[in-house]
Amino acid sequence: MAAHRYSRSALVLILCSLWVFTVADSEGTTLNGDHHATTVDNPQTGRETAEIVAEQPAVEEEMRWEATKVEEATPDEAVADKRDTSATETVVPSSAPQPKDDFQEELVIRPLHSGDIYASFQFRTLWETDFMRGNKVSHYRLFPKSLGQVISKFSVRELHISFTQGYWRTMQWGQPFLPSPPGAELWVWFQDSVTDVDGTWKELTNVLSGIFCASLNFIDSTNTVQPSASFKPLGIGNATDHRFLRYATLPREIVCTENLTPWKKLLPCGSKAGLAVLLKSEKLFHSSFHSQAVHIRPVCQDWQCKTTSWELRQTLNVVFDLHTPGQGKREWSLFKMFSRTLTEACPLASSSKIYIDITDDPQGEQFEVSPATHLLSQAMVLGDRRTFSVYDLTQQITFGTVRSLNLLIRWKSSEGDMLRPLLHAERYVAGYGLQTGEIHTLMYNNHPYRSFPVLLLDSVPWYLRLYIHTLTVTSKGKDNKPSYIHYQPSKDRVRPHLLEMLVQLPPNSVTEVTVQFERALLKWTEYTPDPNHGFYVGSSVISSLVPSIVAMDTNNTREQPLFSSFFPCKEESSYFMRVYTEPLLVNLPTPDFSMPYNVICLTCTVVAVGYGSLYNLLTRSFQIEEPSPGLAKRIANIIRRMRGVPAL
């Protein structure tokens, strides 16, 4: 019976199959099916999901299935398909072409003359889409959706945000690829369609505070300025109305793991593959300097700028102090710095490379790199031609037979001098007492024979009341009159001071800018929990076109490393540089916050002693008590009571 049942089932299955093929041939169609399974690669999970596009037939018993990959069709092909299928019941869907996107990652390692190691991570995501025309973008592949929604909702044209722990020591480490001030920095260009810039700015800071787990919600009108000349757009179009620009800093912001984790989640591969696996928090924050940033801007795809794209650039710079005096050995490796090695590139990255700066040691006399590579590259970096050893992670030969890459550098000699930076600056507070003081800003031009202008921006809190008539600018002992000055006075508890100056720096000179101020007395609710620590004043910002040693490349669309292509170059004889000074720590007149505690203790003591004694005297009842009789008298009274005689 069982065999008979199975043979009958097989016969029914064969007959049904023959009937399906017969019906298909009679309709003049092939078994492309009314249901198509399209395989889509999900970049976030790496899994393949099947999207089934179905059309309900007239009769359920005549449903036909087949998995067929649907190719992307152009709009013309989609119209033609629609006309061809209008006469039949079978409809083949067509998908519109999606915007192009691209992801690249780089790591630049530069041995410093001080014995430290400078590592700079660069992650760039390019997306050929348009947020400015109000188009609703719903499909995200490599570009993070959270930032895309922020750009669309708040009509952001450019966004630059950085979180930095430590101060970059220019005289010891040279110039960084991307400078940033200590603490948090945020500056945003809004589109011309924004009507209420201040309201949009406040909402944007609150949203970014949640995305990056930072205290950006403390940015308000008291620490926000509107520069008139500084912070030009770095993307498309430089002539822009500065009414749509906002700049703010939080110099006391502490950078921690909670800021690094959401930053890594913005990467297409996260921290699971590629260079991001080296971003181990316990190693990054145990360093001399750490800075992470996010930059969003529109850029041109070709030299005629016919095609534009949105660029998301995530950067992370860190300086490791690996040289300990007395060990007699200077060496470093990827595992020693990050506690990890590299095993693969990010699968979604079109380019994944590691650059090691060997400009100061082209012959290998000072240090030795292992494993060696035959790939060399030259790039224009900060007005100088630098030479790099290149390791391409997309090539399997880079990892060798062990499937792991651990770069190692051994120093052979500690000799060598570092070239002095052409431009750097310092800042400090002078004076004594808690009433008045003076801010000094020093700008150094170390070029032997060239002078160049610099644009200085100072944002001073309102509780330091500047005496602008005391402003002096001197170079080589002589007055140096600025060619442009923009000053916006502060309003108490409303806005800070804003001072912008364009100063010409003579060659091989030190230019000093001084201004006096008076300290204000705050309300007791405006002091921080640790008022005796002091109040922070943000760094000064110095922007300049510094003379270049070699001719710079003005073609910004040409293929070049990420670390040398952030600031646009428009002149062959100079390059753009931005320098930040140290933040200031100023003491204000601080009341004795322990006095309320002392007053409370004294008052409670007086109330407890004085009022308590008076209350007892007024409420207590007094009674006269006779002394108790002796034992003999009590016995006698008992006997007398028994005899019926009155007691004594």
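Residues numbered from 1 in each chain as written. Predicted model: local features only at pLDDT ≥ 70, side-chain atom pairs only at ≥ 80, totals over all residues. Heavy atoms only, no water.

### Examining the overall build of the protein chain
What counts, and what does not: Labels follow the DSSP assignment, with helices taken as runs of H or I lasting at least four residues and strands as runs of E lasting at least two, numbered in each case from the N terminus. We call two residues contacting when some pair of their heavy atoms lies within 4.5 Å. A 1.4 Å probe and the Shrake-Rupley method give the accessible areas. Residues count as covered only by the protein chains that appear here.
Broken down by element type, the protein chain carries 10 helices and 28 strands. In the protein chain, 75% of the contacts between residues at least 6 apart in sequence involve partners at least 24 apart. Accessible surface for the protein chain amounts to roughly 35,200 Å². Of this, 54% is attributable to carbon and sulfur atoms.

### Some thoughts on the environment of aspartate 116
Counted only if it meets this: Here a polar contact means two N or O atoms within 3.5 Å. Within protein one must be a hydrogen donor candidate and the other an acceptor candidate, and residues neighboring in sequence count only if both atoms are side-chain atoms.
Residue position: aspartate 116 is located in the loop between β3 (101-111) and β4 (117-127). Sequence spacing of aspartate 116 and tryptophan 332 is 216 residues, and the spatial spacing of their C-alpha atoms is 9.7 Å. Among the polar contacts made by the side chain of aspartate 116, one reaches the side chain of tryptophan 173 at a distance of 2.9 Å.

### Regarding the sheet that holds β3
Rule in force here: When DSSP finds two or more bridges between two strands, those strands count as paired. Lines fitted to C-alpha atoms define the axes, with helix axes restricted to the stretch in contact, and inter-axis angles between N-to-C directions lie between 0 and 180 degrees.
Pairing within the open sheet is mixed, and its 11 strands lie in the order β7-β8-β6-β5-β9-β10-β4-β3-β12-β15-β14. Whereas interior strands pair on both sides, the edge strands pair on one side only; in this sheet they are β7 (224-225) and β14 (376-381). Lying on the sheet, helix α6 (residues 257-265) is in contact with β4, β9 (289-300) and β10 (308-320); it crosses β9 at an angle near 30°.

### A word on a nonpolar patch on the surface
Defined as follows: By definition, no residue in a patch forms a salt bridge, and every one has over 30% relative accessible area; like charges are joined within 9 Å, nonpolar side chains (Val, Leu, Ile, Met, Phe, Trp, Tyr) within 5 Å. Just to be clear on terms, a salt bridge is a Lys or Arg side-chain nitrogen sitting within 4 Å of an Asp or Glu carboxyl oxygen. Partly exposed residues are those whose accessible area sits between 20% and 50% of the maximum for their type, while under 20% is buried and over 50% is exposed, using a 1.4 Å probe and protein chains only.
Taken together, Val607, Tyr611 and Tyr615 make up a surface patch of nonpolar side chains, about 350 Å² in accessible area. Its place among the elements puts tyrosine 611 in helix α9 (residues 595-619). Using a relative accessible area of 56% as the deciding quantity, one classes tyrosine 611 as exposed.

### Points about the layout of surface pockets
Rules: Residues are called lining when one of their atoms sits within 4 Å of a cavity or pocket point, these points coming from a 1 Å grid over the protein atoms alone, where a cavity is a set in which a 1.4 Å probe fits but cannot get out and a pocket is an open set with protein on both sides within 12 Å along at least five of seven lines. Grid points are joined across faces, edges and corners, and a volume is the space filled by probe spheres set on the points. Under the convention adopted here, Pro, Cys and the residues Ala, Val, Leu, Ile, Met, Phe, Trp and Tyr are nonpolar, Asp, Glu, Lys and Arg are charged, and Gly plus all remaining residues are polar.
Computed from the structure, the largest pocket encloses a volume of approximately 950 Å³. Around the largest pocket, the lining is made up of 28 residues, and of these Phe218, Thr222, Asn223, Leu250 and Tyr463 lie nearest the centre. Listed by contribution, the elements that provide at least two residues to the lining of the largest pocket are β8 (245-250), β19 (452-460) and β25 (535-537). Per-element accounting of the lining of the largest pocket gives the leading share, 4 residues, to β8. Broken down by class, the residue content of the lining of the largest pocket amounts to 15 nonpolar, 8 polar and 5 charged.

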